[in-house]
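Okay, here's what each chain looks like letter by letter:
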Amino acid sequence: MAASGFDRAFFAFLRDLKAHNDREWFAANKARYLRDVEAPARQFIADFAPRLKAISPRFVADPRRVGGSLYRIHRDTRFSADKSPFKTHVAMRFSHDARGEASVPGFYLHLEPGESLGGGGIYHPAPPSLRRIRDWLATNPRDWREVQRAEIEVEGERLRRVPRGFPSDHPLADDLRRKDFYALTTFTAAEVAAPDFLDRYAATCESVAPLVRFLTGALGLRW
């Protein structure tokens, strides 16, 4: 089996970019970025596509350079005090194929020296979507129990109190306070570089699929 492609050269570029986060350095090293970072990331996305379809045919792994699953390396600095032009990590999103939705669930992969992780769910959904998720949670507790039986450790921010419109003594009050619904697994650099990383990541997505399936149903989308 071949390595994942996320090898020493992949992580070395990201470490160097963190130390030289400016446009001049990146321009001089763009060929290295395309070869050592973007190419293996896009190949991973293409290889993951059939594995994702086996989990659900409604989620998309798109290896295109622009408009695909790979996030841009350039940062949007318009509203940030940090004007560093480039991200020092690589991120991929595998979202539901719903069109015209402000917030959709999906699977995610983040690769960074010392901090690689992957999983799925939904992060900071738009208020209408969050309300639909909470309504579904409150009225379909049996579906949520499937997530709990899968022993998925749901992460994210919570309100201090149960949101307006729901009884404070609701059996799922703690979950109704959630503002995010996602679960993540961490990976070591050795795991990311190993030949079986595609299998490892696919297994991570399969393990979090009950949560993503719940969110898909809550938002009236097809699984």
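This write-up is about the structure you can find in this document. As the structure is a prediction and not an experimental result, all values here were calculated from the model.

## Here we look at the overall build of the protein
On a plain count of helices and strands, the protein comes out with eight helices and four strands. Ordered by position from the N terminus, the helices and strands of the protein form the series α-α-α-β-β-β-α-α-α-β-α-α. For the protein, the C-alpha radius of gyration of 19 Å lies close to 17 Å, the compact-globule estimate for 223 residues. Put simply, the protein has 223 residues, and 45% of those count as buried. In the protein, the proportion of contacts linking residues at least 24 apart, taken out of those at least 6 apart, comes to 66%.

## Overview of the pairing of strand E3 (residues 116-122)
Where a strand is regular, its side chains alternate between the two sheet faces. Across the seven residues of E3, seven count as buried, placing the element largely inside the fold. Covered by surrounding structure in E3 are Ser-116, Gly-118, Gly-120 and Ile-122 together with Leu-117, Gly-119 and Gly-121, the residues of both alternating faces. Here strand E2 (residues 106-111) pairs with E3 via five bridges, running antiparallel. Counted as the bridge partner of Gly-106 is Gly-121 from E3. What sits between the antiparallel neighbours E2 and E3 is a turn of four residues, in which Gly-114 has the positive phi angle 85°. Of the strand pairs in this sheet, E3 and strand E4 (residues 181-187) are connected by seven bridges, and their pairing is antiparallel. Counterpart to Gly-120 in the pairing with E4 is Ala-183.

## Describing the pattern of salt bridges
Side chains bearing opposite charge may pair, as long as their charged atoms lie close to each other. For the structure shown, the criterion picks out 15 salt bridges. Residues Arg-58 and Asp-97 are paired through a salt bridge, measuring 3.3 Å at the closest nitrogen-oxygen approach. Placement of Arg-58 in the loop between helix H3 (30-55) and strand E1 (90-95) and of Asp-97 in the loop between E1 and E2 is noted, with a sequence separation of 39 residues between them. Overlapping salt bridges, with partners in common, bring together Glu-38, Arg-42 and Arg-65 in one network.

## What to know about the environment of Ala-209
Of note, Ala-209 is situated in helix H8 (residues 197-218). Taking the C-alpha atoms as reference points, Ala-209 and Ala-27, separated by 182 residues in sequence, lie 40 Å from one another. In contact with Ala-209, not counting residues within four places along its chain, are Ile-55, Phe-107 and Trp-223.

## A short note on empty space enclosed by the protein
Enumeration according to the criterion identifies one cavity of 30 Å³ or more in this entry. Estimates place the volume of the largest cavity at around 50 Å³. Contributing to the lining of the largest cavity are Tyr-33, Val-37, Glu-38, Leu-70, Tyr-71, Arg-72, Ile-73, Lys-87, His-89, Val-90 and Ala-91. Elements that contribute at least two residues to the lining of the largest cavity include exactly H3 and E1.

Conventions and cut-offs
Residues numbered from 1 in each chain as written. Predicted model: local features only at pLDDT ≥ 70, side-chain atom pairs only at ≥ 80, totals over all residues. Heavy atoms only, no water. Helix = DSSP H or I, 4+ residues; strand = E, 2+ residues; numbered from the N terminus. Rg over C-alpha atoms; globule rule 2.2 N^0.38 Å. Buried < 20%, exposed > 50% of the residue type's maximum accessible area, 1.4 Å probe, protein only. Contact = heavy atoms within 4.5 Å. Pairing = 2+ DSSP bridges. Salt bridge = Lys/Arg side-chain N within 4 Å of Asp/Glu carboxyl O. 1 Å grid on protein atoms, 1.4 Å probe; cavity = no way out; pocket = protein on both sides within 12 Å on 5 of 7 lines; lining within 4 Å. Points joined across faces, edges and corners; volume = space filled by probe spheres on them.

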